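Each chain is listed here by its residues.
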Amino acid sequence: MADTNEGRFPDPHEVEVPEELEGWEEMYPSHYLFSKERGEWESSQFWYQDKIHAPEPMPPLDLLFQEAWQIALSQYTTRVFCIPPAQGIAQRMVGPYMYICAIAPPPDEIIGEKAALFEKRVFYVFEHYNELWDKWLTKFKALGEEMKGLEIPKEMPKYVPEDQVLPAPTGCYVSYDLIESFDKLVNQMFKGWQYHFEMLNLTYLAYLMFGDVSRKLFPGISESAIGKMVAGAYVSMFRPEEELCQLSRLAISLDGVADILKREAGAAEKIAELEKTPAGKEWLEAFDKAKDPWFYVSCGSGWFHYEGSWIDHLDIPYSYIKSYVERLENGETIERALDEVDRERDETVAKYRELIQNEEDRKAFDDAHNTVRTIYKYAEDHLFWVEHWFHTIWFSKVRKFGTLLVNNGILNEVDDIFMFNRYEIPEILTELATGWALGVDIPMRGDYYKAKADKRKKILKAASDWMPSPALGVPPEEVAEPFTIMLWGVTTDKVKEWLKGMGEVSAEDVSELKGFASSAGVVEGKVRVLKRLDEIVDLEPGEIMVCPTTNPSWAPVFTKIKAAITDIGGLTSHAAIVCREYGVPSVTGTGISTSVIKTGDTVRVDGDTGVVTILERA
Amino acid sequence: MEYILHFEVLDKTSLPRVGGKNASLGEMIKAGIRVPPGFAVTTDSYLNFITETGIKDKIYEILSNLKPDDVDALNSASSQIQGLINSTSMNDQVKSAIEKAYLELCGKCAVKDVPVAVRSSATAEDLPTASFAGQQDTYLWVVGTEDILSSVRKCWASLYTPRAIDYRNKNNFPHEKVLISVGVQKMVNSRSAGVMFTLNPTNGDPSKVVIEGSWGLGETVVSGSVNPDKFVVDKVVMETSERTISVKHIQCVHDPVGGEVINVDVEEDMQSKCCLEDEEIKELVRIAKGIETHYGRAMDIEWAVDRDFSYPESIFIVQARPETVWSQRKKGPLIGKKSGYQLLMEQAMKRIKIPG
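Residues numbered from 1 in each chain as written. Chains lettered and ligands numbered in written order. Predicted model: local features only at pLDDT ≥ 70, side-chain atom pairs only at ≥ 80, totals over all residues. Heavy atoms only, no water.

Residue and element names in this part refer to chain B. Domains assigned within chain B are domain 1 (4-186) and domain 2 (190-322). Centre-to-centre separation of domain 1 and domain 2, based on C-alpha positions: 31 Å. A combined buried area of about 1,300 Å² lies between domain 1 and domain 2, and 63% of that area is made up of carbon and sulfur atoms. When residues of domain 1 are sorted by the area they lose upon contact with domain 2, Ile-33, Arg-34 and Trp-141 head the list and together hold 50% of the total. Applying the counting rule to domain 1 against domain 2 returns three salt bridges. Across the pair Glu-283 and Arg-34 runs a salt bridge, and its minimum N-O distance is 3.2 Å. (Domains from an automatic or database assignment. Buried area = accessible area lost by both parts, 1.4 Å probe. Salt bridge = Lys/Arg side-chain N within 4 Å of Asp/Glu carboxyl O.)

What follows is the structure in C-alpha cells.
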C-alpha cells in the first residue's frame, strides 16, 4: 500500500503490489517496468497514475494504444513541433495500472534551438489549418480502409488451396500470412496514432493560451466559461447521434417501419422483419449507408476491447432509434439544437469581450480567441476518427485472430487474445504456424496459453479492488508539458491534494471529490453508478449518474438525469458539452467517482465549483 | 398644481419640481432598478404652503433686513424663519394630498402606518448642494400622517439654515427663486440586506458581481460588525464561483419602541443559514448588471430584501454610487498589443511552478 509519510510519495521502486497480483510483470513489455538500470532517473521524476487513459486494470494487448501515444505524443513535442521547454511523457506499469511522467525541461541551449523551430513550424500549421485538416482526414480514412481491407487467415487449411499452387505457386502461405497480417495490423495502429497527434499538441497549447489570456482579463473566470467560449457544436463525435435522429425521422415517413422499430425486440428480429417490406428495405439501406463510419463508435472511451462498439452491438443503436421514434410520435424534438450551441458560444464570447475595458486588450482577446478557434476543431474531430472508428476496425480484426486461435484449440475464448501483449501474439501465431507446417498430430501448447489467459484475467479482476498511490517519486518544481496541464490538470493544487490523500485511500473515507466544473448548477440527490453502458436500463429518471466517461452512445440518458459525474473528461468532453446543452449540472474528470461513490448514496453535485460531496452513504 | 408625484412618473425633466434626489430615483426606476416605493412632495406644495398660510411675506421680510457679515443677525433670522415654518400648520390642500399619498403607499405595502424615510431634495443642482440647501435633512422611521407632515416642514425649513441663507446672499441668488421638494419613501422592512459590487473588489475582475449580505438591516454589513455571507457570481455565464455562508450572530433591526435601530441576537437556527435564496441572488446580479450599464461604470450598491413584498418585488436598491478603488487605478492594458502567435509563443515558453 501507499507510503503514509506526509508530503512524500513512495519511491517507484518500492511500491508493494498486493500478492493476488503476483505475476503481473509478465503481462507487459519489460521496458514498461520500473527498473534498476534507470533507477536513479526514475526515482528523481514525478509519476502519477493516468486515470484518463488507464482508469481500469490494463489488459495486455490494450496497452498497445498507450505504447503508441507515448511515442507519438512525445515526439511532436520534442522533435516535430518543438514546444521549447517541454519534453515528452513517459509511461510505466505498476501492477496493472499505468503511471505517467511529464519529463523535466531540457537544458537551456535545447530550449533556444527548439524555440526557433517552433516559430517556423507551428505558425505555419495555424496559417494553413483548414487545408491541413482536409489532408489529414483523407490520409486517415485511407489508413482505416487499408486496415479494413487487411486479410487475416480464416483457417489453417488441411492442404493449401489449388489456386495457390497452380499454375504458379504463390510462394508464401498461411504460415507466413498469419505473421505478416498481424505485423501489418500492429503497424497500421501505430501509424494511426502517429497521425492522431499531428495537430493535437498545438490544439492544447492554443487552448491553454486562450485560458491564460482570459484569466489575465478576468482573474476569476471559470474553466467551464473558457470551455464554453472554445467548444464547437458541429463536431464529428456528435454525428452518430445525428444519424440516429435522421433514421428515426425517415422511419416515421416510411409505411410501417416505425411500428417495427418500436417493438420490444432485439435488432436481429427487427432487421428480419424490415427485410420483408420494400419500405423496410429502403430504411435498412439508409441504415447501412450511415453505419460506416458513423456507427463505428465505441460504447466507452474506445481504449478497451471489452467496451464494444455499436456495429457489434446493434441492439444499442436500435434501442435508441426506438426511443427517438416514440419521442417523435409524441411531437417532441429529438435533434440537438446545434445552431443554438454555436450561437450561445458566440454570445458568451461577445459578452466577455464587452467587459474588457481597454481597446488593446480587446484586440488581444480577439486574436487569442481566433487562434484557438482556428485549430480547436482538431481536438473535437480527431477523436471520432481515431479512438472510435479506427479502434473499432482494430478490435474486429484482432478478434479474427482470436477466432482462429480458438478454432485451433489454443485459446478458450475469442477475447482471450487481449490477455497477451503485442509481442507475445506473434509467438503464439508462430507456434500455430509451426505446428501446422510440421504436419498432422503435432502437439501444441494450447493448455499453456489457456492457463496463462485465465491467470491474467484473475490478476486484472483482483487489481480492480486495489487503489494504488495516486503518485510516485518527487514532485517537480515546474511543469511545461501542455497535455499534463490540460488533460490531467496537474497543477500545484492537484499535487497538494494528492499529497493530502496519501495513506487515506480507502473508498469509504472519501467524502469529497474534485473535478472539472463543466456544467453549472447545484443539485442534491441519489446516485446511480453505471460502469458500463448496458447498465443504463437500471437508471431511473431523476437520478444522478456516475460513470467512467460518456460518448454519443450515452446520449439518451441526458434527458433523464438530474446531474452527471464522470471519472474521465475535461470541459470539452462529451458529458460536459451535452450537460451544458440540457442545463444539467455536471462535474467531470473526478478520477475516482465510480470507485468511491456507490449506487444509492446521496451526493451534492456543484457544477459551479467542480465539487462533489457525498452527503449520505447508502 | 401637482402637490404630489409618485416616483414612477419622475425623470430628469422633473428636477425643477421634485429636486435632484427624487428625480434620480425616478431615473433609476425607468432603468429597471427597483427602489423602495414612495412619492415626492413637489415644490408646488412648498410654494402653496408658504403662500396660503401667509408666511411667505414674513420670511422674505426677515431676509431683506439682513446685513452682510452680521453673524448674530443671520443666526437669529434663520431660527425665526425655521420656527415659523415648523410651527405653522399645513394648509388643507397640501395636507390632504400628502395624507392621500401616504395612505396609498400603506395600501400598496399592505402595512398600516408604514414607516417611511422623509428627505429633502434640492432643486438647484447647478450650485454646490451642501452649501446651498443647507443640511439635506433626512428623517428615518417616520410613522403616521402627523409625523410625516412635521418632518416635511422640517425639510422645508432646512432651506433656511444660516449657512444656506448666507451663501445665497453672498452669491446674489434671490431667495424667492429657491425652492425645495421632499421625498417620502418606504423604509425597507429588511429581512436581509447588504452591499454588492459590479466587479470583484479583491482582484478587480470585471466579469464578476460580488454580493455580501446578512440578516436584518444593511448596517451590520456596511460597518463590518458581522461576517457576511458572500457570493461571487459570473455576469456572463451566471455561475456562482464562491459561496461563503458565515455565522451571523447579530442583526440590526428597527426598534419601534425606542424609535431607533439596534443590534439584536440572531436566533440560533438562523445564524448559519444563507441569508439569500438562489433566485434572489440571481435577481441581485441582474439588477447589478443593469445599474452598471445605466451608469456606464463599476458601481458599489446597497440592497435589501423587504419582508412586506414577495419575490421579485421584494428586492430593493437602497443606494448606488461609483466604485472608487479599482476605477481610479491607472487603466493600462493587461495584455497589450500582442498577436495570437505572440501569445502562443509566450504560452509555449511557459513553465508552471510547482513548489515541492
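Resuming the write-up.
When the charged atoms of two side chains with opposite charge come close together, those side chains can pair. Per the counting criterion, the structure on display carries 55 salt bridges over all chains. A salt bridge links Lys-112 of chain B to Asp-113 of chain B; the nearest nitrogen and oxygen atoms lie 3.7 Å apart. Among the residues examined, Asp-113 of chain B registers a relative accessible area of 35% and is labelled partly exposed. What you see here is one network of salt bridges that share partners, running through Glu-340, Arg-343, Glu-347 and Lys-351 of chain A. (Buried < 20%, exposed > 50% of the residue type's maximum accessible area, 1.4 Å probe, protein only.)

Before going further, it helps to spend a moment on the interface of chain B and chain A. The interface of chain B with chain A comprises 35 residues on the first partner and 54 residues on the second. Taken together, both faces of the contact between chain B and chain A bury some 4,000 Å²; the carbon and sulfur share is 64%. Where chain B packs against chain A, one counts one salt bridge. Residue assignment for the side of chain B that touches chain A shows that the elements contributing at least two residues are β9 (240-244), α12 (340-349) and β14 (352-353) of chain B. (Contact = heavy atoms within 4.5 Å. Helix = DSSP H or I, 4+ residues; strand = E, 2+ residues; numbered from the N terminus.)

The next subject is the nonpolar core. The biggest cluster of nonpolar side chains holds 183 residues, and the ones touching the most others in it are Trp-136, Trp-283, Tyr-352, Trp-394 and Met-545 of chain A. Looking at which element gives the most residues to this core, the answer is helix α14 (residues 359-407) of chain A, with 20 residues. When near neighbours in sequence (up to four residues on either side) are disregarded, Trp-136 of chain A contacts Tyr-195, His-196, Glu-198, Met-199, Tyr-378, His-382, Trp-385 and Val-386 of chain A. Leu-74, Ala-97, Val-184 and Phe-316 of chain B belong to the second-largest nonpolar core, a separate cluster that totals 50 residues. (Core = buried A, V, L, I, M, F, W, Y, C linked by side-chain atoms within 4.5 Å.)

Residues and elements named next belong to chain B. Strand order across the open sheet formed by six strands is β9-β8-β7-β6-β12-β13, with antiparallel pairing between neighbours. Two strands bound the open sheet, and with one partner strand each, they are β9 and β13 (315-322). Averaged over all pairs of adjacent strands, the angle between their axes in this sheet comes to 15°, without regard to strand direction. As paired strands, strand β6 (residues 190-197) and strand β12 (residues 299-306) are joined by seven bridges and run antiparallel to one another. Its bridge partner lying in β12, Phe-197 is registered against Asp-300. (Pairing = 2+ DSSP bridges. Axes fitted to C-alpha atoms, helices over the stretch in contact; angles between N-to-C directions.)

Turning to unusual backbone geometry, a few remarks are in order. A cis amide bond, omega 5°, links Leu-166 of chain A with the succeeding residue Pro-167 of chain A. With respect to the secondary-structure elements, Pro-167 of chain A resides in the loop between α4 (129-149) and α5 (174-196). Between Asp-292 of chain A and the following residue, Pro-293 of chain A, the backbone shows a cis peptide bond with an omega angle of 10°. Positioned with a positive phi, Asp-113 of chain B is a non-glycine residue whose angle comes to about 50°. Summarising the element assignment, Asp-113 of chain B is placed in the loop between α5 (92-109) and β3 (116-122).

All names here are of chain A. Examined against the element boundaries, Ser-309 turns out to sit in the loop between α11 (278-294) and α12 (315-329). Overall, the relative accessible area of 4% leaves Ser-309 in the buried class. Ignoring anything within four residues of it in the chain, the contact list for Ser-309 reads Val-297, Ser-298, Cys-299 and Thr-392.

Attention now moves to the packing of α11 of chain A against α14 of chain A. All names here are of chain A. Here α11 crosses α14 at 105°, and the two axes come no closer than 10 Å. The angle between α11 and α14 falls in the class roughly perpendicular. Of the residues in α14, those touching α11 at Asp-292, Pro-293 and Trp-294 are Phe-384, Trp-385 and Trp-389. A class-by-class count of the residues in the contact of α11 with α14 yields five nonpolar, no polar and one charged. (Parallel < 35°, antiparallel > 145°, perpendicular 65-115°, else oblique. Nonpolar A, V, L, I, M, F, W, Y, C, P; charged D, E, K, R; others polar.)

A regular strand places its side chains on the two faces of the sheet in alternate fashion. Residue and element names in this part refer to chain B. Neither face of strand β2 (residues 38-41) is open: one carries Gly-38 and Ala-40, the other Phe-39 and Val-41, and all of them are buried. Pairing geometry for β2 and strand β5 (residues 180-186), over four bridges, is antiparallel. Across the sheet, residue Ala-40 finds its bridge partner in β5, namely Gly-183.

Right, let's get into the confidence of the model for chain A. Per-residue pLDDT for chain A has a mean of 90; in total, 94% of the residues score no lower than 70. Within the model, pLDDT remains below 50 along residues 1-5 of chain A, and this stretch shows 11 contacts once partners closer than five positions in the same chain are excluded. (pLDDT = per-residue confidence, 0-100.)

Here the focus is helix α11 (residues 278-295) of chain B. Residues and elements named next belong to chain B. An ideal rise of 1.5 Å per residue puts 26 Å on 18 residues; α11 measures up with 26 Å between its terminal C-alpha atoms. Along α11, the positions that sit buried rather than exposed are Glu-280, Ile-281, Glu-283, Leu-284, Val-285, Ile-287, Ala-288, Ile-291 and Glu-292. Phi turns positive, to about 65°, at Gly-296, one or two residues after α11. (Expected span 1.5 Å × (residues − 1).)

Further remarks concern the confidence of the model for chain B. For chain B, per-residue confidence averages 89 on the pLDDT scale, and residues scoring 70 or more make up 94% of the total. Taken element by element, the predicted model of chain B shows its lowest mean pLDDT in helix α6 (residues 129-132) of chain B (45) and its highest in β2 of chain B (97).

What follows covers the sheet that holds strand β1 (residues 4-6) of chain B. Strand pairs in the sheet, formed through backbone hydrogen bonds, run parallel or antiparallel to each other. Residue and element names in this part refer to chain B. Spatially, β1-β2-β5-β3-β4 is the arrangement adopted by the five strands of the open sheet, whose pairing is antiparallel. Edge positions in the sheet fall to β1 and β4 (138-142), since each of these pairs with one other strand and no more. The sheet shows a mean angle of 25° between the axes of neighbouring strands, taken without regard to direction. Pairing geometry for β3 and β5, over seven bridges, is antiparallel. Pairing of Val-116 across the sheet is with Lys-186, part of β5.

A word on helix α6 (residues 200-217) of chain A. With 18 residues, α6 of chain A extends 26 Å from end C-alpha to end C-alpha; this agrees with the ideal 26 Å at 1.5 Å per step. Most of α6 of chain A sits out of view: 15 of its 18 residues are buried.

All right, on to the domain arrangement of chain A then. Residues and elements named next belong to chain A. Looking at chain A, the domain boundaries give domain 1 (12-112 + 471-498), domain 2 (236-329) and domain 3 (508-616). Using only C-alpha atoms to locate each centre, domain 2 and domain 3 end up separated by 27 Å. Every contact between the two is made by 15 residues of domain 2 and, on the other side, 14 residues of domain 3. Roughly 1,100 Å² is buried in total at the junction of domain 2 and domain 3, and carbon and sulfur atoms are behind 63% of that figure. Scanning the region where domain 2 abuts domain 3 turns up one residue pair in polar contact (both at pLDDT 80 or more). Residue classes in the side of domain 2 that touches domain 3 are distributed as 10 nonpolar, three polar and two charged. (Polar contact = N/O pair within 3.5 Å; in protein donor to acceptor, adjacent residues only side chain to side chain.)

Moving on to the state of the cysteines. Applying the stated criterion to the full structure yields zero disulfides over all chains. No disulfide involves Cys-579 of chain A; its sulfur sits 8.9 Å from that of Cys-547 of chain A, the nearest cysteine. A relative accessible area of 0% places Cys-579 of chain A in the buried class. Between Cys-106 of chain B, a free cysteine, and Cys-109 of chain B, which holds the nearest cysteine sulfur, the sulfur-to-sulfur gap is 7.1 Å. (Disulfide = S-S within 2.5 Å.)

A few words now on the side chain of Gln-91 of chain A. All names here are of chain A. Within the element layout of this structure, Gln-91 appears in strand β2 (residues 89-94). Judged by its relative accessible area of 1%, Gln-91 falls in the buried class. Among the polar contacts listed, one links the side chain of Gln-91 to the backbone oxygen of Gln-66, at a separation of 2.9 Å. Ignoring anything within four residues of it in the chain, the contact list for Gln-91 reads Tyr-32, Trp-47, Gln-66, Glu-67, Trp-69, Gln-70, Met-98, Tyr-99 and Ile-100.

What follows covers the environment of Val-603 of chain A. Residues and elements named next belong to chain A. Its location among the elements puts Val-603 in strand β12 (residues 602-606). When the C-alpha positions of Val-603 and Met-156 are compared, they lie 56 Å apart, and in sequence the two are 447 residues distant. In this view, Val-603 contacts Val-523, Glu-524, Gly-525, Val-527, Ile-544, Ile-565, Ile-597, Val-612, Thr-613, Ile-614 and Leu-615; residues no more than four positions away in its chain are not counted.

All names here are of chain A. Applying the stated rule across the entire model yields 42 aromatic pairs over all chains. Seen from their ring centres, Trp-283 and Phe-287 are 5.6 Å apart, and the 35° between their planes marks the pair as tilted. Here the residue Trp-283 and the residue Phe-287 both occupy positions in helix α11, the gap between them amounting to four residues, near one helical turn. The exposure classification of Trp-283 matches that of Phe-287, with both residues buried. With a centroid separation of 5.1 Å and 75° between ring planes, the pair formed by Tyr-448 and Tyr-449 is classed as edge-to-face. Residue classification places Tyr-448 among the partly exposed positions, given a relative accessible area of 37%. Tyr-449 sits in the buried class, given a relative accessible area of 3%. Every member of this aromatic cluster is reached through a ring pair, and the members are Trp-133, Trp-136, Phe-140, Tyr-195, Trp-294, Tyr-378, Phe-384, Trp-385, Trp-389 and Phe-390. Positioned above the aromatic ring of Tyr-296, the side-chain terminus of Lys-148 is 5.3 Å from the ring centre. Here the guanidinium or amino end of Arg-445 rests over the ring plane of Tyr-448, the centre of that ring lying 4.3 Å away. (Phe/Tyr/Trp six-rings, centres within 6.5 Å; stacked < 30°, edge-to-face > 60°. Lys NZ or Arg CZ within 6 Å of the ring centre and 35° of its normal.)

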